[in-house]
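For reference, the chains in residue letters:
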Protein chains: 2
Amino acid sequence: MNQQIPVTSDEARMASAIRVLSMDAVQAANSGHPGAPMGLADVATVLFNRFMRIDPADHQWPDRDRFVMSAGHGSMLVYAINHLLGYDDMDADQIRNFRQMGYRTAGHPEYGHAKGIETTTGPLGQGISTAVGMALAERMHNARFGDGLVDHFTYVLAGDGCLMEGISHEAIDLAGHLGLGRLVVFWDDNRITIDGGTDLSTSMNQAMRFEAAGWHVQSIDGHDNQAIAAAIEAARAETGKPSMIACRTVIGKGAPNKAGSHKVHGAPLGDEEIAATRDALGWTAPPFEVPDDVRAAWQAVARRGAEARAEWRARKADSPESGAFDASLAPVDADRLAKAIDTYKAGLSADKPKVATRKASEMALEVINSTLPNSIGGSADLTGSNNTMTSGMRPVTRSDYSGDYIHYGIREHAMAAAMNGIALHGGFFTYGGSFLAFADYCRPAIRLSALMGLPVAYVMTHDSIGLGEDGPTHQPVETISGLRAIPNLTVIRPADAVETAEAWQIAATATATPTLMCLSRQGLPTLRTEHEGENLVARGAYVLREAEGTRQVTLIATGSEVEIAMNAADLLAAEGIGAAVVSAPSFKLFREQPSEYRQQVRGTVPRVGIEAAVRHGWEVFLERSDAFVGMTGFGASGPAPELYEHFGITAANVAAVAKRKLGLG
Amino acid sequence: MNQQIPVTSDEARMASAIRVLSMDAVQAANSGHPGAPMGLADVATVLFNRFMRIDPADHQWPDRDRFVMSAGHGSMLVYAINHLLGYDDMDADQIRNFRQMGYRTAGHPEYGHAKGIETTTGPLGQGISTAVGMALAERMHNARFGDGLVDHFTYVLAGDGCLMEGISHEAIDLAGHLGLGRLVVFWDDNRITIDGGTDLSTSMNQAMRFEAAGWHVQSIDGHDNQAIAAAIEAARAETGKPSMIACRTVIGKGAPNKAGSHKVHGAPLGDEEIAATRDALGWTAPPFEVPDDVRAAWQAVARRGAEARAEWRARKADSPESGAFDASLAPVDADRLAKAIDTYKAGLSADKPKVATRKASEMALEVINSTLPNSIGGSADLTGSNNTMTSGMRPVTRSDYSGDYIHYGIREHAMAAAMNGIALHGGFFTYGGSFLAFADYCRPAIRLSALMGLPVAYVMTHDSIGLGEDGPTHQPVETISGLRAIPNLTVIRPADAVETAEAWQIAATATATPTLMCLSRQGLPTLRTEHEGENLVARGAYVLREAEGTRQVTLIATGSEVEIAMNAADLLAAEGIGAAVVSAPSFKLFREQPSEYRQQVRGTVPRVGIEAAVRHGWEVFLERSDAFVGMTGFGASGPAPELYEHFGITAANVAAVAKRKLGLG
């Protein structure tokens, strides 16, 4: 474990630099939040100056400490620190152009925009919850490769907003349960929210709350550097529990007239107050200039990080685990996986199992998990329903992090955020399951998976009225459409076991896109009965069955409704009507195909779209004049076959609709 | 306050009836959850037999106690009790056909399907959070009409799942902060979840957690009737805090072999275990038959409720507040509101203010709130940004519930659920605000607003890249589309102050549909400069400006992009190209118009859709061959005008695209 570094530098001036850069940048942008960076400057300075182990020369060093600014509106804290540390992509020009088009200094920290931003924050509560995933990944990676290669901390700055959001409850409970001793959360207890004092809306005893969740809790003055350092020491010494340090701070600290008020939360200080703040801090440097002594002090932090990294590299060079360690961080061996999937698919096409796609997902996962070196599965308390636990998987527990299955509990939102954190940390391919209807519960974190381009996989089962008796609350009639609207999210609704295998191949080999699978509860026949080496799901949609003779109508369906389309095509064929069946597992992947291919699949004849969901978004395939057989409102409670009959999603109705389209009905 | 009723009945047999009806119904359905109803039968029996004040003959009696089965999968508990109480729509046939099509006994309790179901539950955590809104509404109504007319309790049965979900944290904090002493939550502490023991996934000290939130907490044996009754007495006596009673129960209690195991959670017991349970309970009646003594005992509960209602009616008849009380529960006076809105709209068309629609919303709310007798506003800590607090509004606090504005804190999800609860309770028209991007945080509760048909209003501001510098995390490029997919949710994106006024008129007069408004951060000119008495937003879309001469192209836009469409039409007109502009504030309302009207608005010429969001779902207006100017991915951080320019959402680009469509580009 890395130790506190002796203090020789002038931390007051180091912190002043953060305060001044932040207030000047917000003023220049005429937009942004000076309050949090100024209030947290002392905590952040002590943390970085005495504890953080990072090397700006290698922002991806695997064993670096992680720093998460969960109160993302205080982004200038991150940018100021990274500028002071000397990250090569965070020069003064970036600070000067805070919140401007084309600069890395976005209004909220955006992962991938600049080095040293470990995760995208802004939507409150996401940072702390993502950090739980990072801290868990650290322990899991440590369990595999030992202290010599994996031994770092995850530090989080969280505000009142983060702790009021529901996701924080899920994340805190999970972290406490898993005993994540390398996680240290600083709560910026400034008693101010946007609307005014926190006493307007909360009476929570946060310390007691965290203790109830099994955390180690301390309360300090967030402007007393010795107290901050001592608290961090104690937090690090408590290895069996995550730590929360309640830091009583003054929002906008340093601004002589506006500090401590909600007026400093999200608005520029104004020229007058900025001048007064400079006076109060004894800061004479002009905007965006950093005095040499201060820069030197911050660069010393970077230098110590570089030394630590050099030591780590030496340890790694001597380690017999070095190769396996690198492999865990490397992209998936796509060729090896492709071979395994191909063999598996050939078997499916031969055996033609009739299984629910949730079961087919488990079967495909058996192949994935035995091929990949580093799968981590999980479910939000629906393991037996989501079929997410493959043979040989063992739970991850606080006493043994070497397992590979996470019982997330009934916490979809924390699960999704933790998956993001695991992916950001590196070392694992991770997936987690719930019911599709409850994708709504984790939608903000799914959005961040997509925004950050994290290749995690969501296993969402019970994907339509086909779940039957659980009724409308559990039947996701609009959920698939709502998810398809999210940019950079590969939503896949496979039709049979073969498509499910292809979906998993896509998910496991993705590099910058999350995958969300919509899987049936009910059994479905194998439709891909002839083995095809190519991954057809990757095309988004394809002709599963061409019409005999002339194609008179195209039936386009997804998931469990492809079987219905096939049966409808039979009915039509019996009447001499040529119907092609298109399986359309992924609208996103289809949109990415060449226009010619898309045109060919869609055909020029009338079309009938079939999906046990709302039509919203089907324009990818259908003209307005085309027909659609699906849902127009919420579902109902009853056995699945009766529901399909009730809502008219049947082969007979599809055939009838097709005939009407052809003027034959 | 109603008092405990002396016990003369055989509560063990009353509880056995719940257990037997539940296990038999689940067995008949071959689907469902016997564990919770059997485990909670004693708690429920004591609650109903000694405390609950309801009258099955008038399920809408305003001063009834509210009972919420938050652990909605235990729906058979509700159906069994309502059957035993003699609700006239819950006969044995309903129980016998549990979870079947066409019966009221859906898999999860569905509001509106049967009397005595106070809210739809099933998605975990919603019930307890909705109940917070009910309990708050009770206090607010009490503050207006006194103890004689409003004096009831809200009781909740919640399971581990409810308390693990993040929304529970938000709701618990809010309830504790507001000191909701009439809220009593029973936690079904059975230590079992679907995956197995709760120790698989949680280590939370729930008692400490609730105490941290300012609750009154007790822990009892949930099968000891005297302890249950004493705890309820104590909970009711604590009038300044909500109460949580941790009830240690055995899941599936009564089943001699399966009780206490996760196997009884969500699966039928099987014939053998059912026979053994009958033996163990000494229950000889065949399935779905209730012995006379048991029925009489439960009917006594109903009789006492009827007496209480009669007393209440007598008090009300004597009350000078009787008329105002009825008015608070009556539908909005639509004519009176229409007049007020008409006058206001006429002024707008004359004054032509350039204001953001979030500001226009505040202006419209001034009219609404001064016309309606019972508006309750609120915001998730964005009051100044959402513009939700009109003049004269006062916060609701624990010491004064007579206010009309709720500081929900940074808790979008609990806000939405509480709004549902306020609407379900009756007595108020309620709305609440957040940023549109954070509609994702409360989407599960918005879905329930729509599923239950509750006329609440969501004020979602900062509705596009037009919010500028806050960047991609806050820019809802896909959120509008995702919300439009939800059935029975009226999403409205008004273009100016006039449309915003019309949107509020729709929201305030809705009876069975929630309204969600997407409002701009940036200023927008008044486009409806000629006064029109009709509510044009109610048509969903309409021709705002017809082309001079022949219509060659139709520009269809929503919200802030209608101004862009108008400017594009000017550019095209300058080149002699006739462009009509259609304002399309609500896709849902447009879909409900007659086909002829829709055809007329859409026109037969090429169309250009314009919205600073993804195209997904625009098929309502556009053919596939039509053009769309909008977003294809996430936004960016920068000043709004630069973002619009960067993403090509400008009048010049719209005009260019239109010309290309016409073969003129």
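Remember, predicted model here, so these are calculated numbers, not experimental data.

Definitions and cut-offs
- Residues numbered from 1 in each chain as written.
- Chains lettered and ligands numbered in written order.
- Predicted model: local features only at pLDDT ≥ 70, side-chain atom pairs only at ≥ 80, totals over all residues.
- Heavy atoms only, no water.
- Axes fitted to C-alpha atoms, helices over the stretch in contact; angles between N-to-C directions.
- Helix = DSSP H or I, 4+ residues; strand = E, 2+ residues; numbered from the N terminus.
- Parallel < 35°, antiparallel > 145°, perpendicular 65-115°, else oblique.
- Contact = heavy atoms within 4.5 Å.
- Nonpolar A, V, L, I, M, F, W, Y, C, P; charged D, E, K, R; others polar.
- Buried < 20%, exposed > 50% of the residue type's maximum accessible area, 1.4 Å probe, protein only.
- Pairing = 2+ DSSP bridges.
- Buried area = accessible area lost by both parts, 1.4 Å probe.
- Salt bridge = Lys/Arg side-chain N within 4 Å of Asp/Glu carboxyl O.
- Polar contact = N/O pair within 3.5 Å; in protein donor to acceptor, adjacent residues only side chain to side chain.
- Least-squares fit on C-alpha atoms with pLDDT ≥ 70 in both.
- pLDDT = per-residue confidence, 0-100.
- UniProt positions renumbered as here; feature names shortened; annotations may be inferred.
- Arc of directions from axis to C-beta.
- Lys, Arg positive; Asp, Glu negative; His and termini not counted.
- Phe/Tyr/Trp six-rings, centres within 6.5 Å; stacked < 30°, edge-to-face > 60°.
- Lys NZ or Arg CZ within 6 Å of the ring centre and 35° of its normal.
- Left-handed = near helix turned anticlockwise from the far one by under 90°.
- Domains from an automatic or database assignment.

1. Here's the deal with the packing of helix H1 (residues 11–29) of chain B against helix H11 (residues 292–318) of chain B
Residues and elements named next belong to chain B.
Logical step 1: Where H1 contacts H11, the two axes come as close as 9 Å, and the packing angle between them is 100°. One finds that H1 runs roughly perpendicular with respect to H11. Where H1 abuts H11, its residues Arg13, Met14, Ala17 and Ile18 lie against Asp293, Val294, Ala297, Trp298 and Val301.
Logical step 2: Split by residue class, the contact of H1 with H11 holds 7 nonpolar, no polar and 2 charged.

2. Examining the pairing of strand S18 (residues 579–583) of chain B
All names here are of chain B.
Logical step 1: Of all 5 residues in S18, 5 are buried; the element is thus mostly enclosed.
Logical step 2: Side-chain alternation along S18 places Ala579, Val581 and Ser583 on one buried face and Ala580 and Val582 on a second face that is also buried.
Logical step 3: The pairing of strand S17 (residues 553–557) with S18 spans 5 bridges and is classified as parallel. Across the sheet, the residue bridging to threonine 554 is alanine 580, located in S18.

3. Some remarks on the interface of chain B and chain A
Logical step 1: The partner chain A presents 100 residues to the 100 residues of chain B that form the contact.
Logical step 2: For the pair chain B and chain A, the summed buried area comes to about 8,500 Å², and 55% of that belongs to carbon and sulfur atoms.
Logical step 3: The largest share of the area that chain B buries against chain A comes from Met101, Arg447 and Arg624 of chain B, three residues that together contribute 10% of it.
Logical step 4: At the junction of chain B with chain A, the criterion picks out 8 salt bridges.
Logical step 5: We note a salt bridge from aspartate 440 of chain B to arginine 443 of chain A, for which the minimum N-O separation is 2.9 Å.
Logical step 6: There are 70 residue pairs in polar contact (both at pLDDT 80 or more) connecting chain B and chain A.
Logical step 7: Within the residue set of the side of chain B that touches chain A, elements represented by two or more residues are helix H6 (160–164), helix H7 (166–177), helix H8 (206–212), helix H15 (383–386), helix H16 (412–425), helix H17 (443–452), helix H18 (479–484) and helix H23 (640–646) of chain B.
Logical step 8: Top contributing element to the side of chain B that touches chain A by residue count: H7 of chain B, with 7 residues.

4. Quick notes on the relation of the copies chain B and chain A
Logical step 1: With an RMSD of 0.0 Å, the fit of chain B onto chain A corresponds to turning through 180° and sliding 0.0 Å along the axis. Such a turn and shift between the copies fits a two-fold axis.
Logical step 2: Residue by residue, 100% of the interface of chain B is reproduced at the interface of chain A, so both copies engage with the same surface.

5. Observations concerning the confidence of the model for chain A
Logical step 1: Per-chain confidence: chain A averages 97 in pLDDT, with 99% of residues scoring 70 or above.
Logical step 2: In the predicted assembly, ipTM is 0.98 and pTM is 0.98.

6. What to know about the UniProt feature "site: Important for catalytic activity" (unreviewed entry) in chain A
Logical step 1: UniProt annotation of "site: Important for catalytic activity" (unreviewed entry) refers to His33 and His265 of chain A when read in the numbering used here. For the annotated residues, spread through 233 residues, the largest C-alpha to C-alpha distance comes to 5.6 Å, consistent with a single compact locus.
Logical step 2: Within the secondary structure, histidine 33 of chain A sits in the loop between helix H1 (11–29) and helix H2 (35–50).
Logical step 3: The exposure class assigned to histidine 33 of chain A is buried, which follows from its relative accessible area of 12%.
Logical step 4: Residues contacting histidine 33 of chain A, with those up to four places away along its chain left out, are Val26, His73, Gly74, Arg99, His265 and Gly266 of chain A together with Asp470 of chain B.
Logical step 5: As for its placement among the helices and strands, histidine 265 of chain A is situated in the loop between strand S7 (243–248) and helix H10 (271–281).

7. Examining the environment of threonine 500 of chain B
Logical step 1: Considering the arrangement of structural elements, one finds threonine 500 of chain B in helix H19 (residues 497–509).
Logical step 2: Setting aside residues no more than four positions away along its own chain, threonine 500 of chain B makes contact with Thr357, Ala360, Ser361, Ala364, Pro494 and Leu519 of chain B.

8. Focus: helix H22 (residues 595–602) of chain B
Residue and element names in this part refer to chain B.
Logical step 1: Listing the buried residues of H22 in full gives Tyr597, Val601 and Arg602. Projected down its long axis, H22 carries its buried residues within an arc of 125°, all on one side. Along H22, the residues that are exposed and aim more than 90 degrees away from the buried face are Glu596 and Gln600.
Logical step 2: Against the buried residues of H22 lie strand S16 (542–545), S17, S18, helix H21 (587–591) and strand S19 (607–610).
Logical step 3: Of the residues one or two after H22, glycine 603 is the one with positive phi, at around 75°.

9. What to know about the pattern of salt bridges
Logical step 1: This model, assessed by the stated rule, comprises 74 salt bridges over all chains.
Logical step 2: Arginine 484 of chain B is paired through a salt bridge with glutamate 611 of chain B; the nearest N and O atoms lie 2.6 Å apart. Of this pair, arginine 484 of chain B sits in helix H18 while glutamate 611 of chain B sits in the loop between S19 and strand S20 (627–629), placing them 127 residues apart in sequence. Take arginine 484 of chain B and glutamate 611 of chain B: they sit in the same class, and that class is buried.
Logical step 3: Through salt bridges with shared partners, a single network forms among Asp463, Arg484, Arg493, Glu561 and Glu611 of chain A.

10. A closer look at the environment of glycine 578 of chain B
Residue and element names in this part refer to chain B.
Logical step 1: The residue glycine 578 is located in the loop between helix H20 (561–574) and S18 in this model.
Logical step 2: Note: C-alpha distance between glycine 578 and glutamine 552 (26 residues apart in sequence) is 5.1 Å.
Logical step 3: In this structure, glycine 578 is in contact with Ala547, Glu548, Thr550, Arg551, Gln552 and Val553, ignoring residues within four places of it in sequence.

11. What to know about the sheet that holds S7 of chain A
All names here are of chain A.
Logical step 1: With parallel pairing, 5 strands are arranged side by side in an open sheet as S1-S2-S3-S7-S6. Sheet topology places strand S1 (66–69) and strand S6 (216–221) at the edges, where each strand pairs with a single neighbour. Strand-to-strand, the axes of this sheet are offset by a mean angle of 15°, without reference to chain direction.
Logical step 2: Sheet analysis places strand S3 (residues 183–189) next to S7, joined by 6 bridges and oriented parallel. Residue aspartate 188 lies in a different strand from S7, and its bridge partner there is cysteine 247.
Logical step 3: The sheet strands contacting helix H5 (residues 126–145) are S1, strand S2 (154–158) and S3, and the helix crosses S2 at an angle near 170°.

12. Quick word on the side chain of aspartate 195 of chain A
Logical step 1: Relative to the elements of secondary structure, aspartate 195 of chain A occurs in the loop between strand S4 (192–193) and strand S5 (196–197).
Logical step 2: For the buried aspartate 195 of chain A, which has no salt bridge, the nearest side chain bearing the opposite charge is arginine 411 of chain B, at an N-O separation of 9.9 Å.
Logical step 3: Within the structure, the side chain of aspartate 195 of chain A is placed 2.6 Å from the side chain of threonine 383 of chain B, a separation counted as a polar contact.
Logical step 4: When neighbours within four sequence positions are excluded, aspartate 195 of chain A is seen to be in contact with Leu200 and His262 of chain A together with Asp381, Leu382, Thr383, Gly384 and His407 of chain B.

13. Overview of the environment of serine 168 of chain B
Logical step 1: Along the chain, the position of serine 168 of chain B falls in helix H7.
Logical step 2: As a C-alpha pair, serine 168 of chain B and tyrosine 87 of chain B span 81 residues in sequence and 31 Å in three-dimensional space.
Logical step 3: Look past the residues within four positions of serine 168 of chain B in its chain and what remains in contact with it is His169 of chain A together with Ser129, Cys162, Leu163 and Arg209 of chain B.
Logical step 4: Among the polar contacts listed, one links the side chain of serine 168 of chain B to the backbone oxygen of cysteine 162 of chain B, at a separation of 3.4 Å.
Logical step 5: A distance of 3.2 Å separates a polar atom in the side chain of serine 168 of chain B from the backbone oxygen of leucine 163 of chain B.

14. Here we look at the packing of aromatic side chains
Logical step 1: A complete count under the given rule lists 38 aromatic pairs over all chains for this structure.
Logical step 2: Where phenylalanine 429 of chain A meets tryptophan 504 of chain A, the ring centres are 6.5 Å apart and the plane angle is 85°; that geometry is what we call edge-to-face. Taken together, the residues phenylalanine 429 of chain A in strand S11 (residues 429–435) and tryptophan 504 of chain A in helix H19 (residues 497–509) connect sequence positions 75 residues apart.
Logical step 3: Taken together, the ring pairs connect Phe587, Phe590, Tyr597, Trp618, Phe621 and Phe628 of chain A into an aromatic cluster.
Logical step 4: The positively charged end of arginine 236 of chain A is found above the aromatic ring belonging to phenylalanine 153 of chain A, 4.7 Å away from the centroid.
Logical step 5: One residue, arginine 484 of chain B, lies across the ring of phenylalanine 587 of chain B, its end atom 3.6 Å from the ring centre.

15. Some words on the packing of helix H2 (residues 35–50) of chain B against helix H9 (residues 225–237) of chain B
Residue and element names in this part refer to chain B.
Logical step 1: Viewed as axis vectors pointing N to C, H2 and H9 meet at an angle of 55°, and their least axial separation amounts to 9 Å. Taken as axis vectors, H2 and H9 run oblique relative to one another. Relative to H9, H2 is oriented so that their crossing is right-handed. Every residue of H9 that contacts H2 at Asp42, Val43, Val46, Leu47 and Arg50 is listed here: Asn225, Gln226, Ile228, Ala229 and Ile232.
Logical step 2: A breakdown of the residues in the contact of H2 with H9 according to their chemical character gives 6 nonpolar, 2 polar and 2 charged.

16. Focus on the side chain of aspartate 89 of chain A
Residues and elements named next belong to chain A.
Logical step 1: For aspartate 89, the position within the fold is in the loop between helix H3 (75–85) and helix H4 (92–96).
Logical step 2: Buried charge without a salt bridge: aspartate 89, with arginine 104 as the nearest opposite-charge side chain at an N-O distance of 4.1 Å.
Logical step 3: Beyond its immediate sequence surroundings of up to four residues, aspartate 89 is in contact with Gln94, Arg104, Ala114 and Lys115.

17. Topic: the domain arrangement of chain A
Residue and element names in this part refer to chain A.
Logical step 1: Each assigned domain of chain A is listed with its residue range as follows: domain 1 (14–316), domain 2 (334–525) and domain 3 (539–662).
Logical step 2: The C-alpha-based centres of domain 2 and domain 3 are spaced at 25 Å.
Logical step 3: If you look at the interface, domain 2 gives 27 residues, while domain 3 gives 32 residues.
Logical step 4: For the pair domain 2 and domain 3, the two sides together bury roughly 2,300 Å², of which 57% comes from carbon and sulfur.
Logical step 5: The interface formed by domain 2 and domain 3 includes 16 residue pairs in polar contact (both at pLDDT 80 or more).
Logical step 6: For the side of domain 2 that touches domain 3, the secondary-structure elements that each account for two or more residues are helix H18 (479–484), strand S13 (490–492) and H19.
Logical step 7: For the side of domain 2 that touches domain 3, the class distribution of residues is 12 nonpolar, 10 polar and 5 charged.

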